[in-house]
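Residue-level listing of the chains:
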Amino acid sequence: MTCNISDLLRPQLDGPGANLLDAHEVRAAWKKHLAGGLEAPRHLYLHIPFCRQRCSYCCYYSVPSGGGPAVEEYLASLHRAMRFFAPVFAKTPFQTLYIGGGTPSLLTPDQMTRLLEAVYTLYRFEDGGQRTVECNPLSVTKEKLAVLEKSEINRISMGVQSLNRTPLASENRGYQDAGSVGRAVRLVREAGDFRLNLDLLLGMKTDDGKSFLRTFDAIMRLEPDEVTVYTITPMNDYLEKFYSGDPALFRAHLRDRFKEVPLAVRDQARARIHLTQSAPSLDDHAWHFSGGARQSRFNYDDFSPEPASVLGLGPSSRSRAAGVLAYTENIRLPALFDPKKKVYRARRLTLRDEMVKFLVVRICNDIEGVASRFAETFGVEIEAAFPAEVEALREDGLLTGSGARLAFRPRSADERGRCAAGFAAPRGLTLVFPSGRCHLRVEPLRYGRRYLAQTGDLGLLASEEGSLGPRPLARRRLLAALFLKAANVRPAAGARDVADEYARLLEEVAPTLGAQAR
Ligand code: SF4
């Protein structure tokens, strides 16, 4: 089992129970959140969906743009959306601002000025929080940086990905080279007191560990304040292009070509810049290195270690009103903001969803002090909120102690994944046969598991561990059929309901299989 946060949380956000809302319904959810939802820092995210050209690996929504009327139309639409939601936040400041994309640095100085003036007219921000704009090395200029500096933007995040032209060219990003990155970094340093983050990408098809480490070393010499290393999240068209559509081939590429990277970057970076993840692994979504003073950071919904709310505006942006609603804005250009259109793909959230997210993100990122922080945040201890899950992990030796001393004890990425899945997915059921035992569980879909059956739309699979006894094929078919029946009986229910239904069906059938259900 791997420890991939997005795999574990995906059913929480996109699985059963999701529906389409319009902007009025979304605004009502924000009112509810502000009136009494979980207290959590709030972040404002604006999406600028234009890029010079499309990089093959990119999983964010953008369209190629050379400027022109489409950008002006989009900015006018974004302004309408900002005006629509602003009254709800009249008394509530945001902690951070993040303008991402796409490529925000494609905006002209005049467009950037107008956008930021609108933001500060309509929304309020706490002092000291991050205000970030994403920039591309080729489109960042002295004039644009002067606008950002004047508008109190205090952080620039620049997508570098690699300094090796071969992988960049094979990923349709051949326009960039080490010289343009060096020039852009100098411009940022000369323009003002920005914190500078450089993004790198791990896993490109024609890249390998040695080349990646050369890039990493050269990047460290540029003395950024932060470095974020992302692992490619392969979308279907990317898998089709390079891996015959097979995610297992991509995972094998990552494991075979980059296996030395996690420990090497940890050691290489340690002397100069702090790594926020003590045990980086190829299964992680991202590693973050940062130095200097800590600021309150923008946290993008699914992956934030603390509960956080994000108001995202723009196509494909993801939002979360903590404890109330998670949604994505499901529109594509040239469609523009229309408050009557049901384009927000949403899922209602409960306090329990926030607790699960808190635990999954902290366990997957190997963050210490989970139990005490959980109690401070939610006013209840982990054992009281999740008694059955805690007991199961204790039996498996993955958890020790109790109360404030409760501690997770995973010894590997695999065990971290099992700990996290213990909260994100329902418990399994063991069928004990005279010949052995088979552990069956319903869990979020992930790569490379031996499984009985899966449901594409629910994002769940039933997997087996251990022996199914005599005639395993026939038994496997029967158990798979029961799982699919459970998923059909409860098509609109959550993973836990499907698991309960599956357990009920298995208990009925266990005696005829000569097994006992436990
Ligand atoms: S420039 Fe960035 S946002 Fe645009 S396609 Fe490339 S990776 Fe995606």
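This report concerns the structure included in the present document. Just so you know, these numbers come straight off a predicted model, no measurement behind them.

## Observations concerning the overall build of the protein
- In terms of regular secondary structure, the protein is built from 18 helices and 22 strands.
- Taken across its 518 residues, the protein has 54% of its residues classed as buried.
- Split by element, the accessible area of the protein, about 22200 Å² in all, is 51% carbon and sulfur.

## Some thoughts on the site of the ligand
- Close to the ligand lie C51, Q53, R54, C55, Y57, C58, G102, T103 and R173.
- Taken together, the residues of the shell around the ligand sort by class into 4 nonpolar, 3 polar and 2 charged.

## Here we look at the side chain of N136
- Here N136 is to be found in the loop between strand 6 (131-135) and helix 5 (142-150).
- Apart from residues no more than four positions distant in its own chain, N136 is found in contact with T103, S105, M158, R173 and Y175.

## Some remarks on helix 2 (residues 23-36)
- Between its first and last C-alpha, helix 2 extends 20 Å over 14 residues, near the 20 Å set by a 1.5 Å rise per residue.
- For helix 2, the full list of buried residues reads A23, V26, A29, W30 and H33. In a view along the axis of helix 2, the buried residues occupy a sector of 115 degrees, so they form one face of it. Opposite the packed face of helix 2, turned more than 90 degrees from it, sit the exposed residues K31, K32, A35 and G36.
- Two or three places before H24, at the opening of helix 2, D22 has a side-chain oxygen 3.0 Å from that residue's backbone nitrogen.

## Description of the packing of aromatic side chains
- In total, this model carries 25 aromatic pairs according to the counting rule given.
- Summarising the aromatic geometry, the rings of F85 and F337 are spaced 6.5 Å apart at their centres and angled 55 degrees between planes, so their arrangement reads as tilted. Here the residue F85 occupies a position in helix 3 (residues 69-85), and F337 occupies one in the loop between strand 14 (325-329) and strand 15 (344-348), the gap between them amounting to 252 residues.
- The buried category is assigned to F85, whose relative accessible area is 1%.
- Residues Y120 and F125 carry aromatic rings whose centres are separated by 5.8 Å and whose planes lie at 85 degrees to one another, so their mutual orientation is edge-to-face.
- Each residue in the set W30, F89, F94, Y120, Y123 and F125 is aromatic and connected to the rest through ring pairs, giving one cluster.
- In this arrangement the basic side chain of R52 is found over the ring face of Y175, its NZ or CZ atom lying 4.6 Å from the centre.

## Considerations on the pairing of strand 2 (residues 42-48)
- With respect to burial, strand 2 is a largely interior element, 7 of its 7 residues being buried.
- Burial of strand 2 is two-sided: the residues R42, L44, L46 and I48 facing one way and the residues H43, Y45 and H47 facing the other way are all buried.
- Where strand 2 meets strand 5 (residues 96-101), 6 bridges bridge the pair, whose relative direction is parallel. Note that in strand 5 the partner of Y45 across the bridge is Y98.

## With respect to helix 13 (residues 370-378)
- Those residues of helix 13 that sit buried are V370, A371, F374 and F378. Within helix 13, the buried residues cover an arc of 95 degrees as seen down the axis, which keeps them to one side.
- Looking one or two places after helix 13, you find G379, whose phi comes out positive at around 70 degrees.

## As for the nonpolar core
- Residues L46, F85, Y123, F212 and L311 are the most contacted members of the largest nonpolar core, which totals 87 residues.
- With 8 residues, the single largest contributor to this core is helix 3.
- Each of two domains, domain 1 (40-48 + 76-154 + 296-349) and domain 2 (163-294), supplies a minimum of three residues to this core.
- Discounting residues that sit within four places of it in the chain, L46 has contacts with L78, M82, L97, Y98, I99, G100, L115, V119 and L313.
- The next biggest cluster of nonpolar side chains, apart from the first, holds 26 residues, and it includes V356, F374, F408 and A420.

## Concerning the environment of E381
- Inspection of the secondary structure puts E381 in the loop between helix 13 and helix 14 (382-385).
- By relative accessible area, E381 is classed as partly exposed at 38%.
- Separated by 22 residues in the primary sequence, E381 and G403 place their C-alpha atoms 6.5 Å from one another.
- Excluding residues within four positions of it along the chain, E381 makes contact with F374, A375, G403 and A404.

## Examining the environment of C55
- Residue position: C55 is located in the loop between strand 3 (50-51) and strand 4 (63-64).
- For the pair C55 and L168, spaced 113 residues apart in the sequence, the C-alpha separation amounts to 8.7 Å.
- When neighbours within four sequence positions are excluded, C55 is seen to be in contact with E171, N172 and R173.

## Some details on the state of the cysteines
- Under the criterion given, the structure shown has 0 disulfides.
- Sulfur of C59: no disulfide; nearest cysteine sulfur belongs to C58 and is 5.8 Å away.

## Observations regarding the packing of helix 12 (residues 351-364) against helix 13
- Between helix 12 and helix 13, the shortest axis-to-axis distance is 11 Å and the interhelical angle comes to 155 degrees. Accordingly, the angle class assigned to the pair helix 12 and helix 13 is roughly antiparallel. For the element pair helix 12 and helix 13, the recorded crossing hand is right-handed. Counting all contacts with helix 12, which are made through L351, E354, M355, F358, L359 and R362, the residues of helix 13 involved are V370, R373, F374, T377 and F378.
- Taken together, the residues of the contact of helix 12 with helix 13 break down into 7 nonpolar, 1 polar and 3 charged.

## Some points on the pattern of salt bridges
- Following the criterion strictly, the structure yields 16 salt bridges and no others.
- A salt bridge links E25 to K342; the nearest nitrogen and oxygen atoms lie 2.9 Å apart. With E25 in helix 2 and K342 in the loop between strand 14 and strand 15, the pair connects residues that are 317 residues apart, well separated along the chain.
- In this structure, the salt-bridge partner of D225 is R189, at a minimum N-O distance of 3.2 Å. Taken as a pair, D225 in the loop between helix 8 (209-221) and strand 9 (226-231) and R189 in helix 7 (residues 178-191) lie far apart in primary sequence, 36 residues in all.
- Several salt bridges share partner residues, and in doing so they unite E72, D110 and R114 into one network.

Criteria and thresholds
All residue numbers here refer to positions counted from 1 along the written sequence of the relevant chain. pLDDT decides what is reported in this predicted model: residues at 70 or higher carry local features, side-chain atom pairs at 80 or more are listed and counted, and totals for whole chains, interfaces and linings draw on all residues regardless. Hydrogens and waters are ignored; side-chain quantities use all the structure's heavy atoms. A run of H or I in DSSP becomes a helix once it reaches four residues, and a run of E becomes a strand once it reaches two; helices and strands are each numbered from the N terminus. Only protein chains enter the accessibility calculation, which uses a 1.4 Å probe. A residue is then buried if its area is under 20% of the maximum for its type, exposed if over 50%, and partly exposed in between. Here the accessible surface of atoms and residues is derived via Shrake-Rupley with a 1.4 Å probe, and residues count as covered only by protein chains that are part of the display. Distances are taken per atom, and a residue is near a molecule or strand as soon as one of its heavy atoms is within 4 Å of it. Note on residue categories: nonpolar means Ala, Val, Leu, Ile, Met, Phe, Trp, Tyr, Cys or Pro, charged means Asp, Glu, Lys or Arg, and polar means any other residue, Gly included. Contacts are assigned to residue pairs with any non-hydrogen atoms lying within 4.5 Å of each other. Here the expected length of a helix is defined as 1.5 Å per residue gap, with one fewer gap than residues. As used here, the arc is the angular range of directions from the helix axis to the C-beta atoms. Here a polar contact is taken to be a pair of N or O atoms separated by no more than 3.5 Å, where protein atoms must pair a possible hydrogen donor with a possible acceptor and residues adjacent in sequence count only if both atoms sit in side chains. The pairing test for Phe, Tyr and Trp rings, Trp by its six-membered ring, is centres within 6.5 Å, and the orientation test on the planes gives stacked under 30 degrees, edge-to-face over 60, and tilted for anything in between. Two limits define a charge over a ring: the Lys NZ or Arg CZ must be within 6 Å of the ring centre, and within 35 degrees of the ring normal. The pairing criterion is simple: DSSP has to find at least two bridges between the two strands. Throughout this description, the term nonpolar core refers to a set of buried Ala, Val, Leu, Ile, Met, Phe, Trp, Tyr and Cys residues connected via side-chain atoms within 4.5 Å. Throughout, the edges of the domains are those of an automatic or database domain assignment. Our working definition of a disulfide is a cysteine sulfur pair at a distance within 2.5 Å. Fitting a line to C-alpha atoms yields each axis, with helices limited to the stretch in contact; the angle taken between N-to-C directions then spans 0 to 180 degrees. Angular relationships are summarised with four words: roughly parallel below 35 degrees, roughly antiparallel beyond 145, roughly perpendicular across 65 to 115, and oblique for the angles in between. Whether a crossing is left-handed or right-handed is set by the direction in which the near helix is turned from the far one by less than a right angle, anticlockwise for left-handed and clockwise for right-handed. A carboxyl oxygen of Asp or Glu within 4 Å of a side-chain nitrogen of Lys or Arg is what we treat as a salt bridge.

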